Amino acid sequence: MAKGRFPEGFLWGGATAANQVEGAFDQDGKGLSIFDMVPFVPKEERGDLEMEVRSEAELNALLAGDKGDNFPKRRGIDFYHRYKEDIALFAEMGFKTYRLSISWPRIFPNGDDLEPNEAGLAFYDKVFDELLKYGIEPLVTISHYEIPLNLVQKYNGWHDRRLIDFFVRYAETLFNRYQDKVKYWLTFNEINISTISPYIGSGMLMDRLEHKEQAIYQALHHQFVASARAVKACHEIIPDAMIGCMLARMETYPETCHPDDVLAALEEDQKNLFFTDVQVRGAYPSFMLKYFEKHNITIEMEPGDEEILAAHPVDFLSFSYYMTMVASGAPDKTKQRGNFFSGVKNPYLESSDWGWQIDPKGLRITLKKLYDRYQVPLFIVENGLGAYDTVEEDGSINDDYRIEYLRAHIDQMGEAISDGVDVMGYTSWGCIDLISASTSEMSKRYGFIYVDQDDYGNGTLARKKKKSFEWYKRVIATNGEEL
Ligand code: BGP
């Protein structure tokens, strides 16, 4: 294995999101968020995209408790009360950074409030102070699937242009409050998720909308403008900060070298990179404008929108990486499911227990391709293996499969850096076990730290180091030289 590939100051760490760890969903003035409404559904009963709430009737039924009371994201792993213990463990692993998100309704309970909730702001002050005590840089996602529910009910989420101002008020509140504590920011987590899940990505109930695709891209336009305005505000308020975008990156391979397959893969890739084209390059790409034309989609823009996008591109591009996709030019090919996306099965790759195709080399390909296209620093802010873990009789958790997965991915990241790609850091997803975004399971575990809790909320919540804990600690201590 090559040595010395990672630059000095490389930001090693781990990542979580408020809705998947905090719990305390109704404490200290927090309002409800979109994910507080998603119940746990056992595997056997699960349909497609279980987290999507599609109509007002469905939402009301959930509010009335018609679908039971097991809402795992309401309890998380009680990070809200245990953050000191958790951060101490991150520090013990030598984390240089910790990616977390701020719960929007903890700060603005209804989303459209004029004044922030002081108790919410104070909570994150304590968390940041605790991190800084250990020299851990907070990397903060402003919006990670935590849209205040009121914005869904009252405005149908990002479809309404007024959300831009609500979001900018929220972002500015954060920049002003935490300007001395937080130097790395991300605007929207996986901004492309709205095309799959308009409820989670944009807070929209789709039964209210006629031309669904149009609505999705209109909402996204508002999110792009909001993001650019947040970039502007961040630069003004915290001149020494860096602010990035965040994409669920789906590198797509052609199934064969048949030109039809190659074209299909290229077009899938363009659809995925459209988001970063807007946020990094500052303009809608021509292929997307043509796509809108062909699909009868008109994006309503206000004067000044295009200028805002052009004037305030992000400083760096961050992305999640779990898998790659395969596209075929032939219609009706059987699809393989990924976290939210699906494509043709790749016969050269193995899959996780959840059917996500594992592709370490794809990470190198992704990094090289993104850097070729954008020439801005890249940050891998999510990568990891969701797996079932077993606690042995002696209490140990021997997650060699996780070590193997992470080792292979980190090695390929090192190779990309050796190839000349500028990578700022790596935060593995779910550094402590948490509630799954897509399935609300606790039993789908990503962590170096085990949390004693099952899918129904039973358990002591005790934290326990897995075998991978010591392994990752060594990786960080040697700046990636010992994998
Ligand atoms: C990403 C989300 C995360 C995270 C991760 C793993 O899409 O940004 O929030 O959860 O996927 O997905 P899951 O939790 O469904 O295994």
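In what follows, the structure referred to is the one given above.
Residues numbered from 1 in each chain as written. Predicted model: local features only at pLDDT ≥ 70, side-chain atom pairs only at ≥ 80, totals over all residues. Heavy atoms only, no water.

1. A short note on the overall build of the chain
Okay, step 1: The helix and strand tally for the chain stands at 16 helices and 16 strands.
Okay, step 2: At 21 Å, the chain has a C-alpha radius of gyration in line with the 23 Å of a compact globule built from 483 residues.
Okay, step 3: Dimensions of the chain, computed from C-alpha atoms along their principal axes, come out at roughly 60 × 55 × 50 Å.
Okay, step 4: Across the 483 residues in the chain, those meeting the buried criterion constitute 62%.
Okay, step 5: Once local pairs closer than 6 in sequence are excluded, the contacts in the chain between residues at least 24 apart make up 77%.
Okay, step 6: Carbon and sulfur atoms make up 49% of the accessible area of the chain, which totals about 18,100 Å². (Helix = DSSP H or I, 4+ residues; strand = E, 2+ residues; numbered from the N terminus. Rg over C-alpha atoms; globule rule 2.2 N^0.38 Å. Buried < 20%, exposed > 50% of the residue type's maximum accessible area, 1.4 Å probe, protein only. Contact = heavy atoms within 4.5 Å. Areas by Shrake-Rupley, 256 points an atom, 1.4 Å probe, with all protein chains shown as cover.)

2. What to know about the pattern of salt bridges
Okay, step 1: What the rule picks out here adds up to 40 salt bridges.
Okay, step 2: Lys183 is paired through a salt bridge with Asp240; the nearest N and O atoms lie 3.2 Å apart. Of the two residues, Lys183 sits in the loop between α8 (162-178) and β4 (184-188) while Asp240 sits in the loop between α10 (212-237) and β5 (242-248), which places them 57 residues apart along the sequence.
Okay, step 3: Connected via shared salt-bridge partners are Arg5, Arg364, Lys368, Asp411, Glu415 and Asp419. (Salt bridge = Lys/Arg side-chain N within 4 Å of Asp/Glu carboxyl O.)

3. Some points on the sheet that holds strand β13 (residues 378-382)
Okay, step 1: Reading around the barrel, the eight strands line up as β1-β2-β3-β4-β5-β7-β13-β14 and close back on themselves, with parallel pairing between neighbours. Adjacent strand axes in the sheet meet at a mean angle of 25°, parallel and antiparallel pairs treated alike.
Okay, step 2: Sheet topology note: the β5/strand β7 (residues 316-320) ladder contains five bridges and is parallel. When the sheet's bridge partners are listed, Ala248 is paired in β7 with Ser320.
Okay, step 3: Across the face of the sheet, helix α14 (residues 360-374) comes into contact with β7, β13 and β14 (423-429) while running at roughly 155° to β7.
Okay, step 4: Sitting on the sheet, helix α16 (residues 467-477) touches β1 (11-15) and β14, and the angle it makes with β1 is about 150°. (Pairing = 2+ DSSP bridges. Axes fitted to C-alpha atoms, helices over the stretch in contact; angles between N-to-C directions.)

4. Some points on the packing of helix α6 (residues 118-133) against α8
Okay, step 1: Axis separation between α6 and α8 bottoms out at 11 Å; the angle between their running directions is 50°. As judged from the angle between their axes, α6 and α8 are oblique. Of the two possible hands of crossing, α6 and α8 adopt the one that is right-handed. Across the interface between the two elements, Glu118, Gly120, Leu121, Ala122, Tyr124, Asp125 and Phe128 of α6 pack against Thr173, Leu174, Arg177 and Tyr178 of α8. (Parallel < 35°, antiparallel > 145°, perpendicular 65-115°, else oblique. Left-handed = near helix turned anticlockwise from the far one by under 90°.)

5. What to know about the packing of aromatic side chains
Okay, step 1: Overall, the coordinates contain 42 aromatic pairs when judged by the stated rule.
Okay, step 2: When the ring of Tyr322 is compared with that of Tyr446, the centres are 6.3 Å apart and the planes differ by 70°; the resulting orientation is edge-to-face. Of this pair, Tyr322 sits in the loop between β7 and β8 (325-327) while Tyr446 sits in the loop between β14 and β15 (449-451), and the two are 124 residues apart along the sequence. For the pair formed by Tyr322 and Tyr446, the shared burial category is buried.
Okay, step 3: Stacked on the ring of Phe35, the Lys or Arg Lys73 has its end atom at 3.8 Å from the ring centre.
Okay, step 4: Sitting above the plane of the Phe123 ring, Arg106 keeps its charged end 5.7 Å from the centroid. (Phe/Tyr/Trp six-rings, centres within 6.5 Å; stacked < 30°, edge-to-face > 60°. Lys NZ or Arg CZ within 6 Å of the ring centre and 35° of its normal.)

6. Description of helix α15 (residues 400-418)
Okay, step 1: Between the first and last C-alpha of α15 there are 27 Å, a value that for 19 residues agrees with the 27 Å anticipated at 1.5 Å per step.
Okay, step 2: Of the positions making up α15, those classed as buried are Arg402, Ile403, Tyr405, Leu406, His409, Ile410, Asp411, Gln412, Met413, Gly414, Ala416 and Ile417.
Okay, step 3: Backbone geometry just after α15 places Gly420 at a positive phi near 105°. (Expected span 1.5 Å × (residues − 1).)

7. Re the pairing of strand β3 (residues 137-143)
Okay, step 1: When you tally the buried positions in β3, you get six out of seven residues, the bulk of the element.
Okay, step 2: As paired strands, strand β2 (residues 97-101) and β3 are joined by five bridges and run parallel to one another. Considered in β3, the bridge of Leu100 is made with Val140.
Okay, step 3: Inspection of the sheet shows β3 paired to β4 by four bridges, in the parallel sense. Residue pairing across strands places Ser143 opposite Phe188, the latter belonging to β4.

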